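Descriptive analysis of the structure
Listed below, chain by chain, are the residues.
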Amino acid sequence: MVKQTIQIFARVKPTSRKQPQGIYSVDEDEKSVAALEIILPRDLAEGFVNNKRESYKFKFQRIFDQESKQEDIFDIIAKPVAESVLSGYNGTIFAYGQTGSGKTFTITGGAERYSDRGIIPRTLSYIFEQLQKDSRKMYTTHISYLEIYNECGYDLLDPRHEASSLEDLPKVTILEDPDQNIHLKNLSLQQATTEEEALNLLFLGDTNRMIAETPMNQASTRSHCIFTVHISSKEPGSAIVRHAKLHLVDLAGSERVAKTGVGGQLLTEAKYINLSLHYLEQVIIALAEKHRSHIPYRNSMMTNVLRDSLGGNCMTTMIATLSLEKRNIDESISTCRFAQRVALIKNEAVLNEEIDPRLTIIRLKKEIQELKDELAIVTGEQRTEELTQVELDKLEEQIRSFLEDQDPESRLEVGSDMRKIHHCFHYLKKLLSERKIPEKSEPSPEIKDQDGEVPLKEEEFKKLRDILKQRDNEINILVNMLKKEKKKVQDMFNQQNTSRGGTRQSLSASPLSGGLDDSSKVSISSTSKLIRDGNSLDYRSAFHRRKTGKKEEMSLGRQEAFEIFKQDHADSITIEDNKQILRQRFSEAKALGESINEVRSKIGHLKEEINQRQMQRVALSITDNAVGDQELDPVEEKLRSKMEEEKKSYKKMFTHLKGLKVEIEHLQLLMEKAKVKLKKEFEVWWIEEAINLQKKSLPANSLRTPESRHQQQSQSHLANKSELISRKIMPSPPPPSRNQRSRCSNSSVEESDLISKKNPPPSPLPSRSFENKFNNPNVEESDLTPRSKVPSPPPPSRNQTYPPDSLYLEERVLGSPSPSIPFTGDSQTDNDILAFLKARQSLLQKKGLANN
Ligand code: ADP
Ligand code: MG
């Protein structure tokens, strides 16, 4: 048992702007304990009337200041926890802090760079590396990923996730057994046999979480996420299984609402926005108090799930994330105070050992049988019931193998059961009588069956013939090998006699070893796989397949809009950057793969040369009458040391290649996630644009809900600009999807109007109907083909302006007052559009569609 208080660490997020000096200081002089001092700025300090102090000092195991790296966080905080989990103890790491202070960055990692990966991916990498190294035990690893939002649990790895919103999924519920152990119903445990599989599950869960989030449910800041690695281990032959769980927890933002207007009570009276954090604090207060028997774990789902991590069987570590800017001072002080209380909690971690029930059953069954046998001997009582068919079959099998056994000492052990003994005699008699007649003429059964004299069963006959054939082949091969070897030795003799130089020969069948050891053989074969993987772009993770598998088709217009949207979006820069890096890594991997292949063939050649030297020496020793056999051959020694060197560089490159593979995998997942995000944001933007467009055409005094007004106000200049683009090039938007509709449910006026616009009443004006055709998404593909051939106009640059009262192109072409396509102001583009409109019009006229 390991007794330990919860370890607390602080991490300060880098500030974006230059902060006024002296908001905080880190004091690491004291041994093993660091202190963080938060100094209240003068103007703020006045607000804290009741707190006379101007600074607050908090102790932590260690404080990670702004410049600390993700790697350090892993090495110092997470690695020791991962190690204890590997040896069978439960572990928990949780991040606590206000929204934006870096909890997700610390636990999962940043979305941009490989080096930004957080505790979870690094821990997975470490754990699987260790599992691979340890061949003494058999390990199984499972992953679960739970999100708790509004006191409800959701399985982030539920396969149905993508199809539905959070609310539609079965809720994860808590069950408590009589021993007060907590079980989670509806939370799936997914097996992960490799780091790659585990990483896929992490990204899958994160993506599911992102998809389920809507602006109305800001799940990412209000929910808790618990990523759990379950490891069980067993030594071969042992019945004892060890189970350990590692929870990696990203808590909801810890910000509090202050009672406004009551100066000075700000810090003490402020309440959590998140109710379950309030219950977490209650549990922590109760645990820190001595002589407190009741701990209110049951008040919330999160404290229930983390019960072991808080004051129970677990080694627990807390990371307080701090965003130490002036406006965050009070939240930062709250976070540190919380940490100080957490540090008082004592946990007692024990090894979670359990006897494997299956093995116990087998052992007990055997024991029962032995006892029954003994009992039968002691009491002299014989059992009278018939032997079962299974028992009979087993017995006959035993007799057969006894008869086949060449060892004259071998014995037939059937115990003291007279029924068995009788059956043995009976069976032997049967066998004997079956073979009696042929045995007189021929002693060997193999020859007999060729004559067909023995009534061997068809399949038995076939089996024997196959075996015979196999043996024949083996003998042939061995004879050939022997001949070759003989010839080689003969050749060698001749060469030795004629000249001392030798030509290279293939020694593949040589029995002499001296090449790569077993481990490197294994790694070579796996290298070729690695190289294959690295080279082929269709190397795809399960995560990736899932994403692309359900890719829905976008209309041409939406695709164009999406392209333009992408160009302005920050995430697409990340995607591009990562693509660049990915390409680089791919070619690095390819080059490395080639070098590895070269080294491999070098090693092969060296091995051949060494073998040849050895053969020569053997040959020499025969001619020189066993002289020099013991002496070291300097040439061979040199070859060997050269080979060792090559092997070393081989191993080094191989490890590098493995690292590259992990990096490539991670980058691919990052990109995939960013793409999903981009797409999602585009969908939201698209709907907003559609609504906006509608509003523009509404009369000024039409009804507007407060929300819609707000939405309109919040449109950035990008949206306004894009709106112009969409007016120029886009067909009208399709109906909002299910989620989007619920989001827009407040603006029913706009929505209904939108639908009416989609299916407008037929108009007698040709140009009007023309526009309808253009805007109607139901128009057949062929009607739009001319459009798709025209290059889309370039997106206007940020400072490009439009004449507010510009002429509309259709107006000019068709002489009708259609407001759908304005001038861009760029003569080249305008001419292109004009030409396109003319072509389209004449095409439609030819088809007789213009006047429909
Ligand atoms: P939280 O999960 O606590 O709400 P995040 O982890 O999402 O906060 O961090 C908010 C933003 O700050 C993100 O854009 C994140 O990338 C960035 N960030 C947080 N911590 C760091 C850090 N240590 N270094 C660089 N960027 C960080
Ligand atoms: Mg977060």
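Further up the page is the structure itself.
The following paragraphs examine the structure supplied in this document. Per chain, residues are indexed from 1 in the order of the written sequence. Just so you know, chain letters begin at A and ligand numbers begin at 1, following the order they were written in. Since the coordinates come from a predicted model, pLDDT governs what is reported: local features require at least 70, and pairs of side-chain atoms require 80 or more to be given and counted, while whole-chain, interface and lining totals use all residues. Note that water and hydrogens are dropped before the side-chain values are worked out from all heavy atoms of the structure.

**Some remarks on the overall build of the chain**
- If you tally the helices and strands in the chain, you get 28 helices and 19 strands.
- Once local pairs closer than 6 in sequence are excluded, the contacts in the chain between residues at least 24 apart make up 74%.
- Calculation of accessible area relied on Shrake-Rupley with a 1.4 Å probe; when residues are assessed, cover is drawn exclusively from the protein chains displayed. Put simply, the chain shows about 48,300 Å² of open surface, and 53% of that area lies on carbon and sulfur atoms. Strands are runs of DSSP state E lasting at least 2 residues, helices are runs of H or I lasting at least 4, and numbering of each runs from the N terminus. Only heavy atoms enter the contact rule, under which two residues are in contact if any of them lie within 4.5 Å.

**As for the packing of helix α8 (residues 275-288) against helix α10 (residues 329-342)**
- It is the contact of α8 with α10, at a shortest axis distance of 9 Å, that shows an interaxial angle of 40 degrees. Accordingly, the angle class assigned to the pair α8 and α10 is oblique. On the side of α8, the interface is formed by Leu 280, Glu 281, Ile 284, Ile 285 and Ala 288, while α10 contributes Phe 338, Arg 341 and Val 342.
- Three residue categories are used. Nonpolar comprises Ala, Val, Leu, Ile, Met, Phe, Trp, Tyr, Cys and Pro, charged comprises Asp, Glu, Lys and Arg, and polar comprises the others, including Gly. In the contact of α8 with α10, the residues fall into 6 nonpolar, no polar and 2 charged. Only the stretch in contact is used when fitting a helix axis, every axis being a line fitted to C-alpha atoms; angles between N-to-C directions are given from 0 to 180 degrees. Here is the rule for angles: anything less than 35 degrees is roughly parallel, anything more than 145 is roughly antiparallel, 65 through 115 is roughly perpendicular, and the remaining ranges are oblique.

**Focus on the packing of aromatic side chains**
- Pairing of aromatic rings covers Phe, Tyr and the six-membered ring of Trp, with a centre-to-centre limit of 6.5 Å; geometry is then stacked below 30 degrees between planes, edge-to-face above 60, and tilted otherwise. Within the structure shown, the criterion is met by 11 aromatic pairs.
- For the pair Phe 562 and Phe 682, a centre-to-centre distance of 5.0 Å together with 55 degrees between the ring planes defines the contact as tilted. Here Phe 562 is found in helix α18 (residues 556-568), whereas its partner Phe 682 is found in helix α20 (residues 634-697), with 120 residues between them in sequence. Across this residue pair, the class does not change: Phe 562 and Phe 682 are buried.
- Ring plane angle 65 degrees and centroid distance 5.4 Å describe the contact between Phe 565 and Phe 682, whose orientation is recorded as edge-to-face. Here Phe 565 is found in helix α18, whereas its partner Phe 682 is found in helix α20, with 117 residues between them in sequence. Take Phe 565 and Phe 682: they sit in the same class, and that class is buried. Think of it in three bands: with a 1.4 Å probe and only protein chains considered, a residue is buried below 20% of the maximum accessible area for its type, exposed above 50%, and partly exposed in between.

**Concerning helix α11 (residues 357-379)**
- Taking 1.5 Å per residue, 23 residues should reach 33 Å; α11 reaches 32 Å between its end C-alpha atoms and fits that length.
- Directly beyond the C-terminal end of α11, a positive phi value near 70 degrees is found at Gly 380. Each helix should span, by expectation, one fewer than its residue count multiplied by 1.5 Å.

**Structural notes on the pairing of strand β17 (residues 315-322)**
- Counting buried residues along β17, 8 of its 8 residues qualify, which places the element largely inside the surrounding structure.
- Pairing between two strands requires that DSSP report at least two bridges joining them. As defined by bridge partners, strand β2 (residues 7-12) adjoins β17 across 6 bridges and the pair is classed as parallel. Note that in β17 the partner of Phe 9 across the bridge is Ile 319.
- Here 6 bridges tie strand β7 (residues 91-96) to β17, and the two strands are oriented parallel to one another. The residue bridging Ile 93 from the neighbouring strand is Thr 317, located in β17.

**So, the site of ligand 1**
- The immediate surroundings of ligand 1 are formed by Arg 11, Lys 13, Pro 14, Gln 98, Thr 99, Gly 100, Ser 101, Gly 102, Lys 103, Thr 104 and Phe 105.
- For the purposes of these results, a polar contact is taken to be a pair of N or O atoms within 3.5 Å, where, inside protein, one atom must be able to donate a hydrogen and its partner to accept one; residues adjacent in sequence count only when each atom of the pair is a side-chain atom. One nitrogen or oxygen atom from the main chain of Lys 103 is found 2.8 Å from an oxygen atom belonging to ligand 1.
- Backbone polar atom of Phe 105 to an oxygen atom of ligand 1: 2.7 Å apart, as the coordinates give it.
- Look at ligand 1: alone it shows 550 Å² of surface, and the protein chains cover 64% of it.
- Top element by residues in the shell around ligand 1 is helix α3 (residues 103-107). It accounts for 3 residues.
- Among the residues forming the shell around ligand 1, the class breakdown is 2 nonpolar, 6 polar and 3 charged. Summary of the distance rule: residues count as near a molecule or strand when at least one heavy atom falls within 4 Å of that molecule or strand.

**Considerations on the nonpolar core**
- Ranked by internal contacts, the top residues of the largest apolar core, which has 72 residues, are Ile 93, Leu 124, Ile 127, Ile 143, Phe 227 and Val 229.
- Of all the elements, α20 adds the most residues to this core, at 18 residues.
- The contact partners of Ile 93, leaving out residues within four places of it in the chain, are Ile 77, Ala 78, Val 81, Ile 107, Ile 119, His 247, Leu 248, Val 249, Thr 317 and Ile 319. For our purposes a nonpolar core is just a set of buried Ala, Val, Leu, Ile, Met, Phe, Trp, Tyr and Cys residues, chained together by side-chain atoms within 4.5 Å.

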